[in-house]
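Spelled out, the chains give:
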Amino acid sequence: MTDCLFCKIASKDIPTDIKYEDEHIIAFPDINPKADVHLLVIPKLHIINLMDINDENQHIITHLIRKLPVIAEKNGLSGFRTIFNSGKDGGQEVFHLHAHLLAGNIKFGG
Ligand code: 5GP
Ligand code: ZN
């Protein structure tokens with residue numbers, strides 16, 4: 001999607017400090033961190049949120065979730081909190097699916 005911020009990050013039109021990348025996903029620091037480590041993990045494919053998962057794209061979200069511990073370990077973490085905000089009532093502000101991966105002094109998500 002051409003006007004999507006996270007699509008531009010995924011395609012590297014907007015340069016970002018990439019912490020993990022593979023064929024389906026990319027991880028980078030949140031611009032406004034709410035913990036000592038606050039990464040956003042996104043699919044390269046434009047999926048809006050968890051309500052936009054279907055039979056065709058579900059393998060990507062499965063892949064993303066399975067990679068969260070890998071990304072955490074690569075970034076030196078022994079544990080993490082994961083938050084998916086979905087839709088306006090869920091507090092979603094950027095409408096490209098993302099997992100918040102948080103660790104240390106977390107000020108987000110209870
Ligand atoms: P949401 O509220 O949609 O779950 O989370 C969106 C997140 O994206 C917020 O935590 C916000 O700080 C982050 N964010 C917004 N714009 C940018 C940006 O341009 N770069 C990065 N790295 N993070 C962003
Ligand atoms: Zn997008």
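Residues numbered from 1 in each chain as written. Chains lettered and ligands numbered in written order. Predicted model: local features only at pLDDT ≥ 70, side-chain atom pairs only at ≥ 80, totals over all residues. Heavy atoms only, no water.

**Student:** When you look at the layout of surface pockets in this model, what are you seeing that I'm missing?
**Tutor:** Left-over empty space is what a probe sized like a water molecule reveals as it rolls over the atoms. Put simply, the largest pocket is a space of about 440 Å³. Sorting the residues of the lining of the largest pocket by element identifies α1 (5-10) and β2 (25-29) as the ones contributing at least two each. A per-element tally of the lining of the largest pocket places α1 first, with 3 residues. Of the residues belonging to the lining of the largest pocket, the class tally is 11 nonpolar, 7 polar and 3 charged. (1 Å grid on protein atoms, 1.4 Å probe; cavity = no way out; pocket = protein on both sides within 12 Å on 5 of 7 lines; lining within 4 Å. Points joined across faces, edges and corners; volume = space filled by probe spheres on them. Helix = DSSP H or I, 4+ residues; strand = E, 2+ residues; numbered from the N terminus. Nonpolar A, V, L, I, M, F, W, Y, C, P; charged D, E, K, R; others polar.)

**Student:** Even after reading the chapter, I still don't get the coordination of the zinc ion (ligand 2), so can you show me in this structure?
**Tutor:** Bound to the zinc ion (ligand 2) are the protein donor atoms Cys4 (SG), Cys7 (SG), His46 (ND1) and His96 (ND1), situated 2.0 to 2.3 Å from the metal. Around the zinc ion (ligand 2) sit 4 donor atoms, and with donor-metal-donor angles ranging over 105 to 115° the site reads as tetrahedral. (Donors = N, O, S within 2.8 Å, 3.2 Å for Na, K, Ca; no water. Tetrahedral: all angles 85-135°; square planar, octahedral: opposite > 155°, others 65-115°.)

**Student:** Explain the site of ligand 1 here, please?
**Tutor:** Near ligand 1 lie 15 residues; those nearest to it are Asp30, Asn85, Glu93, His98 and His100. For ligand 1, an oxygen atom lies 2.5 Å from a polar atom in the side chain of Asp30. The contact in question runs from a nitrogen atom of ligand 1 to an N or O atom on the backbone of Ile31, over 3.2 Å. Relative to its free-state accessible area of 530 Å², ligand 1 is covered by the protein chains to the extent of 84%. A molecule is said to occupy a pocket when more than half its atoms come within 2 Å of that pocket's grid points, and by this definition ligand 1 occupies the largest pocket. Of the residues in the shell around ligand 1, the class split is 7 nonpolar, 6 polar and 2 charged. (Near = heavy atom within 4 Å. Polar contact = N/O pair within 3.5 Å; in protein donor to acceptor, adjacent residues only side chain to side chain. Areas by Shrake-Rupley, 256 points an atom, 1.4 Å probe, with all protein chains shown as cover. Sits in = over half its atoms within 2 Å of the grid points.)

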